[in-house]
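Each chain, written out:
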Amino acid sequence: MFKRTSIGVAACLALSCAPAANAHIVDNVLERSADDAAVKLSPIGSYEAGVMGKSAAEIVAYHAASQRILTVNAQSGKVDILDASDPANPTKVAEVSAGGDKEINSVAVRPDGLAIAAVQQADKTENGEALIFNAASGDELGRVPLGALPDNVHITKDGAYALAANEGEPSDELTADGTEYAKDPEGTVSVISLPDGVQAPSAADVRTADFRAFDDPAAELDPSIRVFGPENHHNKPSLGFEPEYISSADGKAYVTLQENNAIAVVDIASATVEKVLPAHIADHSVIPLDPSNKDGEAKLRTIPVHGLSMPDSIGAFQTNGQTYFATANEGDARDWGGYTDEVKLKELVEEGQVCDSVDLPEGIEDKKYAGNLKLSNASGWNEEKGCFDGLYSFGSRSFSIYDAEGNVVFDSGSDFEEITKDIEGLSFNADNEDPDFDDRSNNKGPEPEALTIGSVGDRTYAFIGMERVGGIFVYDVTDPAQAEFVTYTNNRDFTVDYDEDNVAATSLAGDLGPEGLAFISKEDSPTADALLIAGNEVSGTTTVFSVADLVGGSQDESDDADSDENDDDTPGTSLPDDGSGSSFIGKGIGIIAGVIALGAMLSGVLHFMPQVADQFYKMLPEPIRQLLP
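Residues numbered from 1 in each chain as written. Predicted model: local features only at pLDDT ≥ 70, side-chain atom pairs only at ≥ 80, totals over all residues. Heavy atoms only, no water.

### Brief notes about the packing of aromatic side chains
Both the distance between ring centres and the angle between the ring planes are used here to describe each pair of aromatic rings.
So, point 1. Counting across every chain of the model gives 19 aromatic pairs.
So, point 2. Geometrically, the ring pair formed by Phe473 and Tyr488 is tilted, given 4.4 Å between the ring centres and 40° between the ring planes. Residue Phe473 is located in strand β34 (residues 472–476), and its partner Tyr488 is located in strand β35 (residues 484–490); the two are separated by 15 residues in the primary sequence.
So, point 3. Using a relative accessible area of 0% as the deciding quantity, one classes Phe473 as buried.
So, point 4. For Tyr488, a relative accessible area of 0% gives the class buried.
So, point 5. The structure contains a cluster of three or more aromatic residues connected by ring pairs, namely Phe399, Phe410, Phe416, Phe473, Tyr475, Phe485 and Tyr488.
So, point 6. Seen from the ring of Tyr369, Arg301 lies directly overhead, with NZ or CZ sitting 4.3 Å from the centre.
So, point 7. Here the basic side chain of Arg334 rests over the ring of Phe228, its NZ or CZ set 4.4 Å away from the ring centre. (Phe/Tyr/Trp six-rings, centres within 6.5 Å; stacked < 30°, edge-to-face > 60°. Helix = DSSP H or I, 4+ residues; strand = E, 2+ residues; numbered from the N terminus. Buried < 20%, exposed > 50% of the residue type's maximum accessible area, 1.4 Å probe, protein only. Lys NZ or Arg CZ within 6 Å of the ring centre and 35° of its normal.)

Now the structure itself:
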C-alpha cells in the first residue's frame, strides 16, 4: 500500500486541485470527536485583514444570493465585504465605512441583501447609528439612530425587524464628588421596522425598549441579578442593565445582560421588555474547574465557589415545536473608569473577608491551588455579617440551553476543560495571544464567547467558539435537554509565538480569538456542504469551515451530477454522483487507477517533502481521503 503522502499528492494532481492560497490553515488542525459524531468541522479557507491584535475581524454575516461574507473590522471602522464564491480563497471586494472616528461593532444581513451595521460614536455615551447598506454592492443606503454603544445587531427570521442591543456604558469620568459618572446613558434595545425592499428605514421606524419599569422596587428582580457599581452608585436597572447580544424567535427577542448575569425578554411587536430572567450560576463544589494558572498542570478540582455564567453570545432556536435559547457563558468583570469588581480569591482570604460559614479547603489561598482565581466583589457580600458568605467567579466555562420561560434545561458543565486538556498539541487554557500552557486557568479558562445555531440534515447543532484557547465546539441540540458533544476543531498551532508587530510570522499560528460565528446552510452554501464562518479578532482572520454531514453524506443523492455547482474540487466537497449509487466506483475508476500510478511515481520524491504532501492531502475531497491509508 502506498504512503498517504504520495497518494494524497497524486490524487490532487489527477483531480486538478488548487493549492491553499493562504497560511491560516495550520498543518495539524487539532480535533476531538465523539465516537458517533454525525458532522465533521474542517477549516477550508481564510481571509487575512493584515492586522494582528487590533480587532480586525469580529462579527460575521453571510449573504447567500451574492455569496458575500460581511466581516466587522473594528480596527478600521469598516465592514469588509468578501467574495466567498470560492470559500477556500475568500477575497475582499468592497468595504463599508462608519466614517470619522466611529466604530462598527456588529453586522447582520437579510436574504434580499439589506444589511445593517451597528455604529458606535467616538464618544461611546452618545447615541449610535444603524448604517444600512446593500450587501451585494456595498452601497450605503442611509442611517437611523440607535441607543448608546450599540454592541450587537440582529434581523428577525421573517425579515420584518432589525434589533440592536445598546450597551449604554458610562463615561470614564466621575462627577466632582466622585460618586457618579459624568455621563451614564441607559442600556436599551432598539426595534427597527424594516421596509420590504433593499432600502433604508426612516427614523420614525425606530422604537426603543428600555428598562425603566424595573427601577420600581415592586418589579422584584431575582436577587442573583446584579445591578452594581462604585460605592454610592445609583444602582438603577434602567442605567445599570447593559445589553450585550441579541437573538429572536417567535416574536420574542432574547438579550444577554452580561455583567448583570441576566437575560431580558423583549416583545418585538410592542418594543417592550417583558421580563428579566436570572442567568445560570454554576456550583463549582460539584462542577470541577481548573482554578490555578501556577500549578503547571491541567488539573480540574471542585472548590466552594460559584461561577456566574454572565453570558455573551445568544442564539434562539425552535425544535420539536418549542422555543429555546442557548448562551455562551464567557463571564466579564465590570471595568468602568476608576472602578472594577475584580478581586483575587487569596486577597479575600488573607484580609479575613470570607465568612466562617464558607468551608474553605486548607491552603486554597495558595496560587498553586486557587489563590489567583478571579472573583467578583459585587456578589456574595453579607452586609449584616460584614463578610462574603458566597464566592463568585467570572463565567461558568460552559454553554447553557434555556426554555422560553428561562429554565435551564442543559449546561455543558466542565466539558470544555475536560475535553481540551487531553488533546495532544493543544496548550491547555492558553491565552488568545501568547500560547503559554495553563495561562488562563485562574481567569475564565477557555472563555466561551461566540455562539450560533444551525441545522445539518434533520439535526440541530450549537457551535460555540472559545475566545482564549481557540477552537469551536459542536453540540447536537436537537433534543435540548439531552444535548450531546459532537466534535471540537481548533485551527491553531500552539508552537507559534505571538508578535503583533510581525504579522507574517504570527499568522502561522492560525486562528486567534474567535469572536463571532455565522452558520450557512447547505442550501445557501457555495459548496456541497454547510459552512461555518468565524471572525477571529486577535489574528484578524475570517475563516471558513466546512460542516460535513457524516450520516446523510455531504452531497444530496438527487443532485444533478452535471451541474456546475456540484463540480467542485475544493476541500469539504464531495465528488459528483450520477444517481446510480456507484458513480465513484464506476466513473471514477480511471481516476483512482491514475492516482495510484502517479502516486507510485511520486512516492520517492515526496518521501523527502512530507509537509507538501500533507497539504495536498488536506485539500482532497473526503471520499478520496477515506480510501487512503
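The discussion continues.
### Remarks on the pattern of salt bridges
So, point 1. All told, the structure shown has 29 salt bridges when counted by the stated rule.
So, point 2. Between Asp210 and Arg212 there is a salt bridge whose closest N-O contact spans 3.6 Å.
So, point 3. Take Asp210: its relative accessible area is 26%, and that puts it in the partly exposed class. (Salt bridge = Lys/Arg side-chain N within 4 Å of Asp/Glu carboxyl O.)

### Some remarks on a negative patch on the surface
So, point 1. Together, Glu433, Asp434, Asp436, Asp439, Asp497, Asp499 and Asp501 line one region of the surface with negative charge.
So, point 2. Mapped onto the fold, Asp439 is located in the loop between α4 (415–420) and β32 (448–456).
So, point 3. Asp439 sits in the partly exposed class, given a relative accessible area of 31%. (Patch = residues over 30% accessible without salt bridge, like charges linked within 9 Å, V, L, I, M, F, W, Y side chains within 5 Å. Areas by Shrake-Rupley, 256 points an atom, 1.4 Å probe, with all protein chains shown as cover. Lys, Arg positive; Asp, Glu negative; His and termini not counted. Charge placed at Lys NZ, Arg CZ, Asp CG, Glu CD.)

### Notes on unusual backbone geometry
So, point 1. With phi around 55°, Gln67 is a residue other than glycine that occupies positive phi space.
So, point 2. By secondary structure assignment, the location of Gln67 is in the loop between β3 (60–63) and β4 (68–73).
So, point 3. Positive phi, normally seen in glycine, also occurs at Asp438, with a value near 70°.
So, point 4. Within the secondary structure, Asp438 sits in the loop between α4 and β32.
So, point 5. Overall, Asp438 belongs to the buried group, its relative accessible area being 1%.

### Things to note about the layout of surface pockets
So, point 1. Of the pockets and cavities examined, the largest pocket occupies roughly 1,600 Å³.
So, point 2. Lining the largest pocket are 45 residues, with His154, Ile155, Lys157, Thr452 and Ile453 sitting closest to its centre.
So, point 3. Mapped onto the lining of the largest pocket, the elements with two or more residues apiece are β3, β7 (103–109), β11 (150–155), β15 (243–249), β21 (314–319), β32 and β36 (514–520).
So, point 4. Tallied by class, residues from the lining of the largest pocket come to 26 nonpolar, 14 polar and five charged. (1 Å grid on protein atoms, 1.4 Å probe; cavity = no way out; pocket = protein on both sides within 12 Å on 5 of 7 lines; lining within 4 Å. Points joined across faces, edges and corners; volume = space filled by probe spheres on them. Nonpolar A, V, L, I, M, F, W, Y, C, P; charged D, E, K, R; others polar.)

### Thoughts on the sheet that holds strand β12 (residues 161–166)
So, point 1. Pairing in this open sheet of four strands is antiparallel, and the strands run β11-β12-β13-β14 from one edge to the other. Strand pairing shows two members of the sheet lacking a second neighbour, β11 and β14 (206–209), which therefore form its edges. Across the sheet, the axes of successive neighbouring strands diverge by a mean angle of 20°, strand direction being ignored.
So, point 2. Taken together, the four bridges between strand β13 (residues 188–193) and β14 define a ladder with antiparallel strand orientation. Bridging across to β14, Ile192 finds its partner in Val206. (Pairing = 2+ DSSP bridges. Axes fitted to C-alpha atoms, helices over the stretch in contact; angles between N-to-C directions.)

### Observations regarding the nonpolar core
So, point 1. Counting 28 residues, the largest nonpolar core has Leu70, Val79, Ile104, Val107, Ala117, Phe133 and Phe325 as its most contacted members.
So, point 2. Those elements giving two or more residues to this core turn out to be β4, β5 (78–83), β7, β8 (114–120), β9 (127–134), β15, β17 (262–267) and β21.
So, point 3. Apart from residues lying up to four places away in sequence, Phe325 is in contact with Tyr254, Ile263, Leu277, Ile314, Gly315, Ala316, Phe317, Ser400, Ile401, Tyr402, Asp403 and Gly406.
So, point 4. Grouped together as the second largest cluster of nonpolar side chains are 26 residues, Tyr324, Val477, Ala483 and Tyr488 included. (Core = buried A, V, L, I, M, F, W, Y, C linked by side-chain atoms within 4.5 Å. Contact = heavy atoms within 4.5 Å.)

### Quick notes on the pairing of β11
So, point 1. Summarising burial for β11: six of the six residues are buried, a large majority.
So, point 2. Relative to β12, β11 runs antiparallel, the two being bridged by five bridges. Among the inter-strand pairings, His154 is bridged to a residue of β12, identified as Leu163.
So, point 3. Remark: five residues form the turn of the hairpin made by β11 and β12, two consecutive strands paired antiparallel; Gly159 in that turn has positive phi of roughly 75°.

### Some thoughts on the sheet that holds β34
So, point 1. In spatial order, the strands read β1-β35-β34-β33-β32; together these five strands make up an open sheet with antiparallel pairing. Either end of the sheet is taken by a strand with one partner, and the two such strands are β1 (30–33) and β32. Across this sheet, the average inter-strand angle for adjacent strands is 20°, counted without regard to direction.
So, point 2. Pairing between β32 and strand β33 (residues 459–466): eight bridges, direction antiparallel. Residue Leu451 lies in a different strand from β33, and its bridge partner there is Ile464.

### As for the state of the cysteines
So, point 1. Within this structure, the stated rule accounts for one disulfide.
So, point 2. Disulfide pairing is shown between Cys355 and Cys387; the S-S distance is 1.8 Å. For the disulfide bridge between Cys355 and Cys387, the dihedral angle about the S-S bond is near 100°, and by the sign convention the bridge is right-handed. You can see Cys355 sitting in the loop between α3 (345–350) and β26 (374–376) and its partner Cys387 sitting in strand β28 (residues 387–388), a full 32 residues away along the chain. (Disulfide = S-S within 2.5 Å.)

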